[in-house]
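Close look at the chain arrangement
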Amino acid sequence: MANELRFKTARDLFMACPAVSRDVVALPTEQPSIEFCRALLAGRVPEEAITFCAYLLPERAAVWWAHECLSHLTVLLDRRDQELLALVRDWVSEPDSAHHRAEVSQAAAIPPTTPAAWIALAAGRHGNGSAMEAPAVSALQPLPAAHAVSAGVLAGLARVALEDRFSVLSAFVEMGIQMAEIEALRQSADAN
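Everything numeric here is computed off the predicted structure, so don't read it as measured data. (Residues numbered from 1 in each chain as written. Predicted model: local features only at pLDDT ≥ 70, side-chain atom pairs only at ≥ 80, totals over all residues. Heavy atoms only, no water.)

Overview of the environment of tryptophan 64
Within the secondary structure, tryptophan 64 is located in helix α5 (residues 59–71). Residue classification places tryptophan 64 among the partly exposed positions, given a relative accessible area of 27%. C-alpha separation for the pair tryptophan 64 and valine 88, spaced 24 residues apart in sequence, amounts to 7.8 Å. Here tryptophan 64 is in contact with Arg89, Val92 and Met179, once residues within four sequence places are set aside. (Helix = DSSP H or I, 4+ residues; strand = E, 2+ residues; numbered from the N terminus. Buried < 20%, exposed > 50% of the residue type's maximum accessible area, 1.4 Å probe, protein only. Contact = heavy atoms within 4.5 Å.)

This is the structure we're talking about:
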């Protein structure tokens, strides 16, 4: 399965997405991407595995993964964050809908201060900002959607009790890995 991922090795991902170097301190290796991600999880800064997953997944899948992660933390989120998660869910199911694009654009224009606000921002940055209006896009260019996805998931994770944090982090990373494998199968099927 790992051979069908869009980035076969960690180095491939770092070469294709130089911005990941700003978010992940660990140096890339020739390890297969999933092995590298699990090594990050077992390493000194396991949160880097979350960030690596955010870059490993295609943008729309990364937004959905973040949505799913935060959906497991709804008791830790306020009403506005829950509304933003619903907005993101609707956008992922119909990203070409003018209505959803407008709602995501409006939500993404607000400075992200909560976990779901970061995910809405990521949805707004999808496809180099295709869901956002041009002036907003130019101000956001330096940071890719994966950065916002990572920030949102990590902000949600920060709300988890310390004694539960590593198990939740591990579950989120495994979900991200599983989604990467599913995306690889989907892309392989589409290519055939």
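Side note on the nonpolar core
Within soluble globular proteins, side chains that are nonpolar tend to cluster in buried spots. If you look at the biggest cluster of nonpolar residues, it comprises 63 residues, and the most contacted ones within it are Leu13, Phe52, Val63, Trp65, Val149, Phe172 and Val173. Per-element tally for this core: the top contributor is helix α11 (residues 162–191), with 9 residues. With near-sequence residues (within four places) excluded, valine 173 lies in contact with Cys37, Leu41, Ala49, Ile50 and Cys53. (Core = buried A, V, L, I, M, F, W, Y, C linked by side-chain atoms within 4.5 Å.)

Examining the pattern of salt bridges
Enumeration according to the criterion identifies 6 salt bridges in this entry. The salt bridge involving arginine 11 is made with glutamate 30; its shortest N-O contact spans 2.5 Å. Separated by 19 residues along the polypeptide, arginine 11 in helix α1 (residues 10–16) and glutamate 30 in the loop between α2 (20–23) and α3 (33–42) bring together distant segments of the chain. Of the charged contacts, one joins glutamate 174 and arginine 38 as a salt bridge, the two residues approaching to 2.8 Å between their closest N and O atoms. (Salt bridge = Lys/Arg side-chain N within 4 Å of Asp/Glu carboxyl O.)

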